[in-house]
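# Fold and geometry: a report
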Amino acid sequence: TTKIDNCIFHTNGNGLQAEKSSTITIKNSEFCHSGIGINLHKSHDILLENVYTHENGIASLMNESSDITIIHSASCDNNDNGGGIYFYNSHDITVNNSNAIHSGAGFKIVNSTSINFHRCNLENNTHFTFWIENNSFNITINQCNIVNNLRHGIHITDSSCSVINSNLYNNLIDSVFP
């Protein structure tokens with residue numbers, strides 16, 4: 001069990017790196033000016049609540065991880081060429097009432113399943129808000145605002161996604177590319 005509360009991780013290679021870990025709780029904390037703010041590999045039972053990741057190379061990288069909950073959190077101003085939150089080979093993820101603003105990427109989802117986004121604001125990202133690819137399924141985007149992104153709102157390749165009761169507008173190239 002790992003508990004982190006009210007901490008600032010500043011100017012590190014990885015702000016936090018966890019490998020083969022379980023029951024990780026991060027609350028009221030900030031990760032900034034690092035290569036990767038939060039790097040989780042083969043970990044499960046993860047809670048991020050009121051977590052702010054900004055000005056990192058990549059805000060968060062979750063690889064081969066599961067049972068992840070992100071609530072009332074924000075990822076902002078990360079690298080313009082990548083920068084956002086990445087889920088690789090991961091499953092059973094919930095993102096509620098969170099923001100992904102002005103990074104290269106909002107969320108990149110690769111070979112991952114059972115991910116639910118609810119009431120999130122995703123705006124002003126330079127490349128895409130959601131990039132969903134390589135057999136990612138059971139992805140639901142519900143009551144989210146996907147607006148003013150420089151290129152793609154939602155880009156889907158060899159995957160599937162449901163978008164429900166959401167606002168998609170002013171995305172320069174396309175709002176949804178299936």
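Details of the structure are given in the entry above.
Described below are features of the structure shown in this document. (Residues numbered from 1 in each chain as written. Predicted model: local features only at pLDDT ≥ 70, side-chain atom pairs only at ≥ 80, totals over all residues. Heavy atoms only, no water.)

## Regarding the sheet that holds strand E10 (residues 83–88)
Strands sit in the order E3-E5-E7-E10-E13-E16-E19-E22 across an open sheet of eight strands; the sheet is parallel. Because the sheet does not close on itself, it has two edges, and the strands there are strand E3 (14–19) and strand E22 (174–177). Averaged over all adjacent pairs, the angle separating strand axes in this sheet is 5°, with direction ignored. When strand E5 (residues 36–41) meets strand E7 (residues 58–63), the two strands line up parallel, connected through five bridges. Bridge pairing in E7 links isoleucine 36 to isoleucine 58. (Pairing = 2+ DSSP bridges. Helix = DSSP H or I, 4+ residues; strand = E, 2+ residues; numbered from the N terminus. Axes fitted to C-alpha atoms, helices over the stretch in contact; angles between N-to-C directions.)

## Digging into the nonpolar core
If you look at the biggest cluster of nonpolar residues, it comprises 35 residues, and the most contacted ones within it are Ile26, Phe87, Phe107, Phe117 and Phe130. The contacts of phenylalanine 87, once residues within four sequence positions are left out, are Met62, Ile70, Ile93, Val95, Phe107, Lys108, Ile109, Val110, Ser112, Ile115 and Phe117. Ile36, Tyr86, Ala105 and Trp131 belong to the second largest nonpolar core, which has six residues in total. (Core = buried A, V, L, I, M, F, W, Y, C linked by side-chain atoms within 4.5 Å. Buried < 20%, exposed > 50% of the residue type's maximum accessible area, 1.4 Å probe, protein only. Contact = heavy atoms within 4.5 Å.)

## Quick word on the side chain of threonine 140
With respect to the secondary-structure elements, threonine 140 resides in strand E17 (residues 137–142). By relative accessible area, threonine 140 is classed as buried at 17%. Engagement of the side chain of threonine 140 in a polar contact is seen with the side chain of asparagine 116, the distance being 3.5 Å. What threonine 140 contacts, discounting residues up to four positions off in sequence, is Ile115, Asn116, Phe117, Ser162 and Ile164. (Polar contact = N/O pair within 3.5 Å; in protein donor to acceptor, adjacent residues only side chain to side chain.)

## Overview of the pairing of E5
Extensive coverage of E5 is indicated by the burial of six of its six residues. Of the strand pairs in this sheet, E3 and E5 are connected by five bridges, and their pairing is parallel. Bridge pairing links glutamate 19 to histidine 41 in E5.

## Details of the packing of aromatic side chains
As enumerated under the stated definition, the model contains seven aromatic pairs in all. Summarising the aromatic geometry, the rings of phenylalanine 107 and phenylalanine 117 are spaced 4.8 Å apart at their centres and angled 65° between planes, so their arrangement reads as edge-to-face. Residue phenylalanine 107 is located in strand E13 (residues 105–110), and its partner phenylalanine 117 is located in strand E14 (residues 113–118); the two are separated by ten residues in the primary sequence. On the basis of relative accessibility, which here comes to 1%, the residue phenylalanine 117 falls in the buried class. Ring pairing ties together the aromatic residues Phe87, Phe107, Phe117 and Phe130, which thus form one cluster. (Phe/Tyr/Trp six-rings, centres within 6.5 Å; stacked < 30°, edge-to-face > 60°.)

These results come straight from atomic positions and should not be treated as a statement about function.
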